[in-house]
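Chain and residue survey
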Amino acid sequence: MVRADMKTQPFKGRVVLVTGASGGIGRAAAKAYAAAGADVVLAARRLSQLEDAAREVASLGVRALPVRCDVTVGDDVARLVAETDAAFAGLDVLVNNAGQGLYGPLEDLGEAQLRQVFELNVFGLWRMTRAALPLLRKRRGSQVVNVSSVLGHRGLPMLGGYCASKAAVNAMTESLRAELAAEGIRVLLVSPGFTESDFRENRLHADGWRQDAIPLKAMSAEEVAAAMVRASRRGHRDTVLTLPGRVMVLANRWAPGLFDRVARRMTADSKKKGS
Ligand SMILES: NC(=O)c1ccc[n+]([C@@H]2O[C@H](COP(=O)([O-])OP(=O)(O)OC[C@H]3O[C@@H](n4cnc5c(N)ncnc54)[C@H](OP(=O)(O)O)[C@@H]3O)[C@@H](O)[C@H]2O)c1
């Protein structure tokens, strides 16, 4: 009976904190960890969406704690960690998921736009992780799950600002993995490919640039969340999602010159819209 429980609810008694849990992949991840038995702390800026997501999580029979938090603000992050500790006296899994995209050639990006994306995707993740470490140290076998992107593994035209921010996430993940290994805290990387969510509506665009519809089949946020929970359960260090995403990462590793030619063709296909 206990064994059956462990199979269906491997995260029972564990506490998982998900940033960017008000929508998209983060919301799906909060539900997927809850379905696997975890109590969940949900963090994001939009409180009503967050409370809605928390109600869905709680309906799965676990505790849900929604906390309004902008991960680019130090005081918000400190309060999130304090509320998590007060409610659960520790943390088993931190999912650094909050993130934002940026579209346009490097030459045309606004400096403020590039800084905004780095402030969220890189500094937010670093700030959140640093603040959560004392709570992660209270639990055995705790984890940090960093959400990167297939675009963190290879720079593509029109996406250089975003690719650079996710490449920084990848490098920080590797460093942190080594730094925390002796304490038994695992650091995992999950790199989604093209996923259905509000990501493309929420991303920033260089002046006058817009992307045409992407001719790829998207994964659902729920499929990404299921893969994340599976990786988390097994302690998989590196999870690259979607078939085109995997092909890109491998092709770039084994034939980077060939992939440069593909990337050059993608640049030629991009056109400035409007202005
Ligand atoms: N969708 C894709 O195709 C795709 C592919 C590869 C990787 N990813 C990565 O997956 C992650 C989730 O993206 P998504 O597709 O779910 O995008 P999304 O639908 O735009 O969701 C982004 C989430 O981040 C939260 N967020 C934004 N700024 C925040 C801030 N300053 N502080 C706290 N939370 C903040 C948003 O909530 P609030 O607005 O309420 O704060 C929202 O919950 C991101 O790291 C993204 O880079 C996405």
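Everything below is about the structure printed above this text.
I will try to describe carefully the structure that is included in this document. All of these numbers come straight from a predicted model, not from anything done at the bench.

Let's talk about the overall build of the protein chain
Assigned secondary structure in the protein chain consists of ten helices and nine strands. Since a compact globule built from 275 residues should have a radius of gyration of about 19 Å, the 19 Å found for the protein chain is in line with a globular shape. For the protein chain, the C-alpha atoms occupy an extent of roughly 60 × 35 × 35 Å along the three principal directions. Going through the 275 residues of the protein chain one by one, you find that 50% of them count as buried.

Side note on the packing of helix H2 (residues 24-35) against helix H8 (residues 221-234)
Axis angle and axis distance: for two packed helices, these are the angle between their axes and the distance between the axes, and together they describe the pair. Between H2 and H8, whose axes approach to 8 Å, the crossing angle comes to 50 degrees. Here H8 runs oblique to H2, going by the angle between their axes. You can see that H2 and H8 cross each other, and the crossing is right-handed. Seen from H2, the contacting residues are Gly24, Ile25, Ala28, Ala29, Ala32 and Tyr33; seen from H8, they are Ala221, Glu222, Val224, Ala225, Met228, Val229 and Ser232. Residue classes in the contact of H2 with H8 are distributed as ten nonpolar, two polar and one charged.

Brief notes about the site of the ligand
Arg45, Arg46, Asn97, Tyr162 and Ser197 are the nearest of the 31 residues found near the ligand. Interatomic distance of 3.4 Å between a backbone N/O atom of Gly23 and an oxygen atom of the ligand. Separating an oxygen atom of the ligand from a side-chain N or O atom of Arg45 is a distance of 2.7 Å. Coverage of the ligand by the protein amounts to 95% of the 890 Å² it exposes when considered alone. Listing elements by their share of the shell around the ligand, those giving two or more residues are H2, helix H6 (160-180) and helix H7 (199-202). Broken down by element, the residue count for the shell around the ligand peaks at three residues, all from H7.

Remarks on the sheet that holds strand S1 (residues 15-19)
Spatially, seven strands are ordered S3-S2-S1-S4-S6-S7-S9 in an open sheet, and the strand pairing comes out parallel. Two strands bound the open sheet, and with one partner strand each, they are strand S3 (64-68) and strand S9 (238-240). Put simply, the sheet's adjacent strands are angled 15 degrees from each other on average, direction ignored. Against the sheet, H6 touches strand S6 (143-147) and strand S7 (186-191), its axis set at about 160 degrees to S7.

Let's talk about unusual backbone geometry
Despite not being glycine, Ala89 has its phi angle at roughly 50 degrees, a positive value. Phi at Thr242 is positive, roughly 70 degrees, even though this residue is not glycine. Mapped onto the elements, Thr242 comes out in the loop between S9 and helix H9 (243-254). The class of Thr242 is buried, set by a relative accessible area of 12%.

A short note on the side chain of Gln100
Here Gln100 lies in the loop between strand S4 (93-96) and strand S5 (102-103). A polar contact is formed between the side chain of Gln100 and the side chain of Gln116, at a distance of 3.5 Å. Discounting residues that sit within four places of it in the chain, Gln100 has contacts with Gln116, Val117, Leu120, Asn121, Tyr162, Phe199, Asn202, Arg203 and Leu204.

Some remarks on the side chain of Ser149
With respect to the secondary-structure elements, Ser149 resides in the loop between S6 and H6. Among the residues examined, Ser149 registers a relative accessible area of 5% and is labelled buried. Once residues within four sequence positions are removed from consideration, Ser149 is found in contact with Tyr162, Lys166, Val190, Ser191 and Pro192.

Side note on the environment of Arg79
Positionally, Arg79 belongs in helix H4 (residues 74-88). Note on Arg79: relative accessible area 33%, which makes it partly exposed. Arg79 sits 52 residues away from Ala131 along the chain, and the two C-alpha atoms are 9.9 Å apart. In contact with Arg79, other than residues within four places in its own chain, are Val67 and Arg68.

A look at the environment of Ala58
Looking at the secondary structure, you find Ala58 in helix H3 (residues 47-58). Since its relative accessible area comes to 38%, Ala58 is described here as partly exposed. For Ala58 and Ala35, which are 23 residues apart along the polypeptide, the C-alpha to C-alpha distance reads 9.9 Å.

Some details on a nonpolar patch on the surface
A contiguous nonpolar surface patch, about 270 Å² in accessible area, is contributed by Phe123, Trp126 and Met172. Along the chain, Trp126 turns up in helix H5 (residues 111-136).

Cut-offs and rules
Residues numbered from 1 in each chain as written. Predicted model: local features only at pLDDT ≥ 70, side-chain atom pairs only at ≥ 80, totals over all residues. Heavy atoms only, no water. Helix = DSSP H or I, 4+ residues; strand = E, 2+ residues; numbered from the N terminus. Rg over C-alpha atoms; globule rule 2.2 N^0.38 Å. Buried < 20%, exposed > 50% of the residue type's maximum accessible area, 1.4 Å probe, protein only. Axes fitted to C-alpha atoms, helices over the stretch in contact; angles between N-to-C directions. Parallel < 35°, antiparallel > 145°, perpendicular 65-115°, else oblique. Left-handed = near helix turned anticlockwise from the far one by under 90°. Contact = heavy atoms within 4.5 Å. Nonpolar A, V, L, I, M, F, W, Y, C, P; charged D, E, K, R; others polar. Near = heavy atom within 4 Å. Polar contact = N/O pair within 3.5 Å; in protein donor to acceptor, adjacent residues only side chain to side chain. Areas by Shrake-Rupley, 256 points an atom, 1.4 Å probe, with all protein chains shown as cover. Pairing = 2+ DSSP bridges. Patch = residues over 30% accessible without salt bridge, like charges linked within 9 Å, V, L, I, M, F, W, Y side chains within 5 Å. Salt bridge = Lys/Arg side-chain N within 4 Å of Asp/Glu carboxyl O.

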